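Architecture at a glance
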Amino acid sequence: KADVGKTVKLGDDGGECLLVLHQGKVHAVGSLCPHQNAPLQGAPAYNGELMCMRHFYCFSLKSGDCLSAGGYGIPVYEVTVEEDTIFVSDWEYDE
């Protein structure tokens, strides 16, 4: 069974991200696929990749790079978990 992403609000300014608990780690990425802005809510994650269900583009949960087509990518945010709280950075992660 695949892990799936859930869209959550970030602060009061209308921002949001997609949270995915995958392989024991919480990942936070952009909530929309950059190809036609399809929502990633419910997108499955397999082997470190998140798959958009509209056209099956796959994105690395680590880098945000599209592994299916060049020129696309999603933001990846730094995550810290403290007890029952998940903190998501406001900055894109660039390794």
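The structure contained in this document is the topic of the report that follows.

Cut-offs applied
Residues numbered from 1 in each chain as written. Predicted model: local features only at pLDDT ≥ 70, side-chain atom pairs only at ≥ 80, totals over all residues. Heavy atoms only, no water. Core = buried A, V, L, I, M, F, W, Y, C linked by side-chain atoms within 4.5 Å. Buried < 20%, exposed > 50% of the residue type's maximum accessible area, 1.4 Å probe, protein only. Helix = DSSP H or I, 4+ residues; strand = E, 2+ residues; numbered from the N terminus. Contact = heavy atoms within 4.5 Å.

**Let's talk about the nonpolar core**
Val29, Leu40, Leu50 and Phe59 are the most contacted members of the largest nonpolar core, which has 16 residues in total. Judged by nonpolar contacts, the second largest core, of six residues, contains Leu19, Val26, Tyr77 and Val88.

**Some points on the environment of Leu10**
Tracing the backbone shows Leu10 in strand β2 (residues 6-10). Leu10 gets classed as partly exposed once you look at its relative accessible area, which sits at 23%. Linking Leu10 and Phe87, residues 77 residues apart in sequence, is a C-alpha distance of 9.5 Å. Leu10 has contacts with Gly15, Glu16, Cys17 and Val88, leaving out every residue within four places of it along the chain.

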